[in-house]
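# Residue-level structure breakdown
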Amino acid sequence: MSNANKPSTPDNDHRAPQADQPTIISDLSAQGEMPSDLLLTRATHADNSANAKPQPVPATAGDTVMTVARDAPNPLANDPYAQLSGAVWGDFRLEKLIGRGGMGAVYKGVQISLDRAVAVKVLPSHLSENEDFRQRFNLEAKAVAQLNSPHVIQVYGAGVHDGHHYFAMEYVEGADLSQRLKSGFKPTHAQALDLLLQAARGLVAAGEQGLVHRDVKPGNMMVTAKGVVKIMDFGLVKLASEAHSMTMAGTVMGTVTYFSPEQGRGERCDQRTDLYALGVVFYELLTGHLPFTGGDATS
């Protein structure tokens, strides 16, 4: 497109809704004759109003669309996620529901034996019945547990209770970078560079274990009250080795506005994919808007 490389101006900047776009997993090969760009357009639709929140997109056969909410105030009484509050699963007690999405929910909880706050991620029962989802969920827990970095959320334990697969991880007091940006945070050049370098150190730790995050974006970067960046949500993680990849050819995974070219084409991704996305985040921190915007995923 003629304006593909032209940064948006403040008048047409759609950073807030686009930066908070849902993570998507879309199987292009399952769509028959449907063009891949049409699938991506549907799967990544976002309301462009300033205060809009990501809305679930109606799925058709072959699609898996995930919208991730960072908090869930006032859950309904008949919400199955809310009904888990107060449950005790092994050494962990679930307390407050603090996040939910297509791949499950996250609770603030307590590790009873150590009396410390934790975040417990729970895979929904209906997804627990699917071998692929179970493998991906368990891969996330095991992959993050391998990492030893102050810039990656730590995993403390995992298990299964009454059909619910879960893992407990470090609970971080703070807000993700997307929330901070939407709240008016405008980092100086020095602050932006500091945030970038901290996130890069977390990705180095992942890369040393052969892991590719594939969904690096402000919404997956927690910032503590002391300004420490911690990368989270490794739900789309993969091993750089194709032999261990759970992603079939023709599958697009990630968040469109932070896609690398190879990621958008559904090709093999390695650590350079995460570096590209981190570069997009850096641009956004410095300028206040994304380098590439458009009305749909193809744009």
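Residues numbered from 1 in each chain as written. Predicted model: local features only at pLDDT ≥ 70, side-chain atom pairs only at ≥ 80, totals over all residues. Heavy atoms only, no water.

### Some remarks on the pairing of strand E6 (residues 104-111)
Let me state the cut-off plainly: Classification of residues uses two cut-offs on accessible area relative to the type maximum, computed with a 1.4 Å probe and protein chains only: under 20% is buried, over 50% is exposed, and between them is partly exposed. Only DSSP runs of H or I covering at least 4 residues are called helices, and only runs of E covering at least 2 are called strands; the numbering of each starts at the N terminus. Whether two strands pair depends on DSSP finding at least two bridges between them.
Most of E6 sits out of view: 7 of its 8 residues are buried. Bridge count for E6 against strand E7 (residues 116-123) is 7 bridges, and the pairing is antiparallel. Bridge pairing links lysine 108 to alanine 119 in E7. Linkage of E6 to E7, two consecutive antiparallel strands, is achieved through a turn of 4 residues, within which aspartate 115 is found at a positive phi near 50°.

### Some details on the confidence of the model for the chain
Operational definition: Each residue gets a pLDDT score, which is the predictor's confidence in that residue and runs from 0 to 100. Whether two residues are in contact is decided by their heavy atoms, any of which lying within 4.5 Å being enough.
Scored by pLDDT, the chain has a mean of 74; 65% of the residues are at 70 or more. Per-element confidence in the chain is highest for strand E13 (residues 229-231), whose mean pLDDT is 96, and lowest for helix H2 (residues 36-43), whose mean pLDDT is 32. Across residues 1-19 the pLDDT falls below 50, and counting only partners more than four positions away or on other chains, this stretch makes 33 contacts in the model.

### Points about the nonpolar core
Spelled out, the test is: Among buried residues, the Ala, Val, Leu, Ile, Met, Phe, Trp, Tyr and Cys ones that are joined through side-chain atoms within 4.5 Å form a nonpolar core.
Met169, Leu177, Leu195, Phe234 and Leu285 are the most contacted members of the largest nonpolar core, which totals 43 residues. At the level of secondary structure, the elements contributing two or more residues to this core comprise E7, helix H4 (131-145), strand E9 (164-170), helix H5 (177-182), helix H6 (189-208), strand E12 (221-224), E13 and helix H8 (271-287). Those residues in contact with leucine 285 that sit more than four places away from it in its chain are Leu177, Leu181, Pro187, Ala192 and Leu195. Judged by nonpolar contacts, the second largest core, of 12 residues, contains Trp89, Val118, Val120 and Ala168.

### Focus: H8
Note the threshold: Here a helix's expected span is defined as the number of its residues, less one, multiplied by 1.5 Å. Read the arc as the range of directions from the helix axis to the C-beta atoms.
Compared with the 24 Å implied by 1.5 Å per residue over 17 residues, the 25 Å span of H8 between its first and last C-alpha is a close match. Taken residue by residue, H8 has Thr273, Asp274, Ala277, Leu278, Val280, Val281, Glu284 and Leu285 as its buried positions. Buried residues of H8 fall within an arc of 150° about the axis and therefore sit on the same side. Residues of H8 that are exposed and point over 90 degrees away from its buried face: Arg272 and Leu275. Positive phi shows up at glycine 288, right after H8, with a value of about 90°.

### Structural notes on H4
Put simply, the rule reads: Each polar contact in these results corresponds to two N or O atoms within 3.5 Å; when the atoms are within protein, one needs to be able to donate a hydrogen and the other to accept it, and residues that are neighboring in sequence are counted only if both atoms are side-chain atoms.
Helix length check: H4 (15 residues) gives 21 Å between terminal C-alpha atoms against 21 Å at 1.5 Å per residue, within 8%. Every buried residue of H4 is accounted for by Phe133, Arg136, Phe137, Leu139, Glu140, Ala141, Ala143 and Val144. Near the N-terminus of H4, the side chain that reaches the backbone nitrogen of aspartate 132, with its oxygen 2.9 Å away, is that of asparagine 130.

### Looking at the side chain of histidine 151
Here histidine 151 shows up in the loop between H4 and strand E8 (155-161). Using a relative accessible area of 11% as the deciding quantity, one classes histidine 151 as buried. Side chain to side chain, histidine 151 and glutamine 198 meet in a polar contact 3.5 Å long. When near neighbours in sequence (up to four residues on either side) are disregarded, histidine 151 contacts Gln198, Arg201, Gly202, Val228, Val229, Lys230 and Ile231.

### With respect to unusual backbone geometry
For arginine 214, which is not glycine, the phi torsion reads 75° and is therefore positive. Within the chain, aspartate 233 stands out as a residue other than glycine whose phi angle is a positive 55°. Here aspartate 233 lies in the loop between E13 and strand E14 (238-239).

### A few points about the pattern of salt bridges
Here is the rule we go by: Basic side-chain nitrogens of Lys or Arg form a salt bridge, by our definition, when they fall within 4 Å of a carboxyl oxygen of Asp or Glu.
According to the stated counting rule, one finds 7 salt bridges in the structure shown. The partner of arginine 93 in a salt bridge is glutamate 95, and the shortest N-O contact between them spans 3.4 Å. Owing to a relative accessible area of 33%, glutamate 95 belongs among the partly exposed residues under this scheme. A salt bridge links lysine 121 to glutamate 140, with the nearest nitrogen and oxygen atoms 3.0 Å apart. Taken together, the residues span a long stretch of sequence, with lysine 121 in strand E7 and glutamate 140 in helix H4 at a distance of 19 residues.

### Overview of the sheet that holds strand E10 (residues 174-176)
Let me state the cut-off plainly: Simply put, an axis is a line fit to the C-alpha atoms, just over the touching stretch for a helix, and the angle between two N-to-C directions goes from 0 to 180 degrees.
With antiparallel pairing, the 3 strands of this open sheet are ordered in space as E10-E12-E13. Taken across any chain shown, the strands that pair with only one partner, and hence form the sheet edges, are E10 and E13. Ignoring strand direction, the axes of neighbouring strands in this sheet form an average angle of 25°. The sheet contacts of H6 involve E12 and E13, and relative to E13 the element is tilted by about 35°.

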